[in-house]
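Residues per chain are reported as follows:
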Amino acid sequence: MRKISFLLLLLWTITPCHAQIPAIEKSAPVDVTFTSWNRLLQLKNGNTHYFSAGMRGMEVNVYDATRKIVAKQVIKSKYLKHRKMKRVFVAGLYEIGGQPVLFYWQAEKSKPVMYRMRFDAGNGSLVQEERIGDMPEIKLMRRDGSDIYVEKDPATDNYAIIFFNGNTTKITQRVRVIHYNGSHNVINAAYCTLPEDHDHQRYIGAVVDGDKRVFLASFAFNRDAKESSPVYISRLGVGDAAFFTKRLALGQEMGRTASVMHYDRQTNAIRLLSAKLSSAKYPFGTPTFYYRAFLCYIDAEHLGLKSEKPILNKKVNAYAMTTLGAEQGFAGVPQQMIMNADMSITLLSEEITQTIVRTRSTYNEYSVLGTMVISELDAEGNETDGYMIRKKQECDGLVESMYMADRTRGKWYMKQGGDEHSSFAYIRTEKGKYIIFNDNRKNFDREEDDAKRKMARGLHQFEAACYKIDEGGVKRSYLFGDPEKTDARHVVMITSAHQHPTTGVYATLLREYTDKGEAVRVAWLRFP
C-alpha cells in the first residue's frame, strides 16, 4: 500500500447555530444521471441552464428568473461521443457573448480534438458546434504534459485556447495559442517556442488581458534532470507575429507543481500562485509528501519578476500554537486563489490524503478531503487574516492540488478523483463569507478534535452544513434547516454548482430525502 498525505492542521472554535442562513428557492424535481457530467450556469439575463451529458446524450434544461422551467432540449451533437464519456474532457463552460459556450475535447483514434458548442440563452438549443483543432496522438493514461486548455478573461468575453503538447520532439510545435474575442473571431494565433531547447515542457497557467494580450507561463526540463527546471513567461499581443518570452529568475524550483494565475489590471501585474512538492519523509515506511505554496508578482510589461513570497500561514500557525497549544505549525495545500474587488486575495486550502491499495488481484484509489482554511491576503500578498474549519470526507480516486481552480473553470472528466458530493464551496457576498459542504450528520452536535470526527463517506451519512465566517469566529448551521424539523435530509452536489458573478446567487443541484423517497432539484441560495 502506498499512502501520500498532503497535511494541513487547522484549528478553530466552532459555535453551533441551527438557524437557516440563506434564502432558498427550489425547482421542481429533475432527472439526473449521476454517472455523467452535470453543471449549472447562471446567465446575465436571469436564466439558469442545467447541462447534463452521459450515455443517453446531452440534455439542457432552462429556468427563468422566477425559477420555472421554460425549455427542455435534447442536443443532437455531430461530434460528441456520449457513449464514450471516459474519453471526453470538458475544458470549460462559460457565458460568452450572452450565450452558454461549452468547450470539450475527446480522443479520436488517440488524437485529442477540440470542439466548441454554443447554446441559445433563451431556450438552450444548440446554435453552433465547431471543430477547433487537434494535437498529435497521445496515450490517455499517460497524458502528463499534454492537454488542451481554455482560459477566459473574467472581466470580458475574450478567451484563449491553448494546445499544449509538452513531450513532442518538435519543439517549435509544442504550444499553439489562439486568442478569440467575444464573437469567437480569432484575434491572433501563434506557436510559443522557448528560447532554449529542452526535452520536455509543462503548463503552469495562462491569463487573457481582454482583446490585447495573452500571457502563458511554463517550465521546461531535460530527461537527465541534472539541471534546474527554468520557468518562462511568454506574451502574445494583438498584431504580434510571435510570442515574446523571458526566463523568470525564480528562487523556487517548479518540478511537480500545480498553479493558478490572475491578471491585475490596476497594477499591470500577473499574480501566480503555485503549490510545489518540496520534500518527502518516510515515517514507518509510509512516504509523506509536503507541498509548499508561494505567490509571485510578475510585471506584465517587461515580464520581470517583481516579488516572490512564500505562503506561510503565520496567523494561522500563531493561533494554533498560542491559543490551542499546538507544538508546531503546518503547511497546507492551496486549492484556489480568488481576486477580490479591492485587489486583495482569498486563498482556499485543504488537507488531502491520497491512498493507493494494491494487491495481487485488486487496485483501489481513494482520497480523504480534510480540514480546510481560508487565508486573506492584501494586494501585496501579505497575510491579514485566517479562518479554519474541520471536515473529513472520503471519496474515490486521487484528488490533486488546485482541483478547485479547475472546477471553477468548469473542467471535468469522468476518471478524475473525487465525486459530486465531496469538497466544499466558498461563497462571498458584500456582507458575508460562507463555507458549505456535506458533513456526517453525527458531527453536527459534537465539539470534537479533528482526529475524532466521524468520516463522511456516503450519501446515507451526509447533511449539508453552512459555516458563516465573521470577526467573532465561525458559526455553524444546517444549510437547509434542521432535518428533525424539516422532516427531510439534504445533500448538495458541489461540483455542479455556479455562483452568479453579479448577483452572488449560488445555484446547485440538491438531493432531497424524505419519507416519500429521493428528489433532485435545482436550488438557488441567496446569502446575506
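Just so it is clear, the structure is predicted and the values come from calculations on it, not from any experiment. Along each chain, numbering runs from 1 in the same order as the chain's sequence is written. Per-residue local features are limited, in this predicted model, to residues with pLDDT of at least 70; the limit for side-chain atom pairs, both in listing and counting, is 80 or more; totals at the level of whole chains, interfaces and linings are taken over all residues. Values shown for side chains rest on all heavy atoms present in the structure; no hydrogens or waters enter the calculation.

Asker: Help me understand the sheet that holds strand S6 (residues 57-63) in this model?
Answerer: Backbone hydrogen bonds are what pair the strands of a sheet, in a parallel or an antiparallel way. Reading across from one edge, S4-S5-S6-S7 is the order of the 4 strands in this open sheet, with antiparallel pairing throughout. Edge strands, defined here as strands with exactly one partner in the open sheet, are strand S4 (37-42) and strand S7 (69-75). Within this sheet the neighbouring strands show an average axis-to-axis angle of 15°, counted without direction. Only when DSSP finds a minimum of two bridges between them are two strands counted as paired. Comment: elements are numbered from the N terminus, with helices defined as DSSP H or I runs of at least four residues and strands as E runs of at least two. Two strands pair when backbone bridges link them, and strand S5 (residues 48-54) and S6 are joined in this way by 7 bridges, in the antiparallel orientation. Of the residues in S6, the one forming a bridge with Thr-48 is Tyr-63. Structural elements are reduced to axes, namely lines fitted to C-alpha atoms, with helices fitted over the stretch in contact, and the angle between N-to-C directions of any two is expressed from 0 to 180 degrees.

Asker: Where do I start with the pattern of salt bridges in this structure?
Answerer: Any two side chains of opposite charge can pair if their charged atoms end up close together. Salt bridges are defined as contacts in which a side-chain nitrogen from Lys or Arg sits within 4 Å of a carboxyl oxygen from Asp or Glu. Throughout the structure, instances matching the rule amount to 19 salt bridges. A salt bridge links Lys-391 to Glu-350, with the nearest nitrogen and oxygen atoms 2.5 Å apart. Residue Lys-391 is located in the loop between strand S27 (383-389) and strand S28 (393-396), and its partner Glu-350 is located in strand S25 (residues 345-358); the two are separated by 41 residues in the primary sequence. Asp-406 serves as the salt-bridge partner of Arg-409, at 2.9 Å between the closest nitrogen and oxygen. Linking Arg-409 with Asp-406, this pair stays in helix H2 (residues 403-409), spanning 3 residues, or about one helical turn. Buried means the residue's accessible area, taken with a 1.4 Å probe over protein chains only, is under 20% of the maximum for its type, while exposed means over 50%, and partly exposed covers the values in between. The class of Arg-409 is buried, set by a relative accessible area of 16%. Here the salt bridges share partners, and the residues they tie into one network are Asp-153, Asp-209, Arg-213, Arg-265 and Glu-301.

Asker: Hey, could you run me through the sheet that holds strand S11 (residues 126-134) in this one?
Answerer: Reading across from one edge, S11-S10-S9-S8-S29 is the order of the 5 strands in this open sheet, with antiparallel pairing throughout. Lying at the two open borders of the sheet, with one neighbouring strand each, are S11 and strand S29 (412-413). Two strands pair when backbone bridges link them, and strand S8 (residues 88-96) and S29 are joined in this way by 2 bridges, in the antiparallel orientation. Residue Phe-89 lies in a different strand from S29, and its bridge partner there is Tyr-413.

Asker: So what exactly am I meant to see when it comes to the packing of aromatic side chains here?
Answerer: Think of a pair of aromatic rings as described by two things: how far the centres are apart, and how the planes are tilted against each other in angle. Only the six-membered ring of Trp is used, alongside the rings of Phe and Tyr, when aromatic pairs are assigned; centres must lie within 6.5 Å, and planes under 30 degrees apart are stacked while those over 60 apart are edge-to-face, with the rest tilted. Within the structure shown, the criterion is met by 16 aromatic pairs. A centroid spacing of 4.4 Å and a plane angle of 15° characterise the contact between Phe-444 and Tyr-478, whose relative ring orientation is stacked. Of this pair, Phe-444 sits in the loop between strand S31 (433-440) and strand S32 (462-470) while Tyr-478 is found in strand S33 (residues 473-478), placing the two residues 34 residues apart along the sequence. Exposure class is identical for Phe-444 and Tyr-478. Each is buried. Ring-pair connections join several aromatic residues into one group, and the members of that group are Tyr-94, Phe-103, Tyr-159 and Tyr-180. As a reminder, the over-ring test applies to NZ of lysine and CZ of arginine, requiring each to be within 6 Å of the ring centre and within 35 degrees of the ring normal. Cation over ring: Arg-116 sits above Tyr-180, and NZ or CZ is 5.1 Å from the ring centre. A cation over an aromatic ring shows up here: Arg-489 above the ring of Tyr-513, its NZ or CZ 4.5 Å from the ring centre.

Read these as geometric descriptors, not functional statements.
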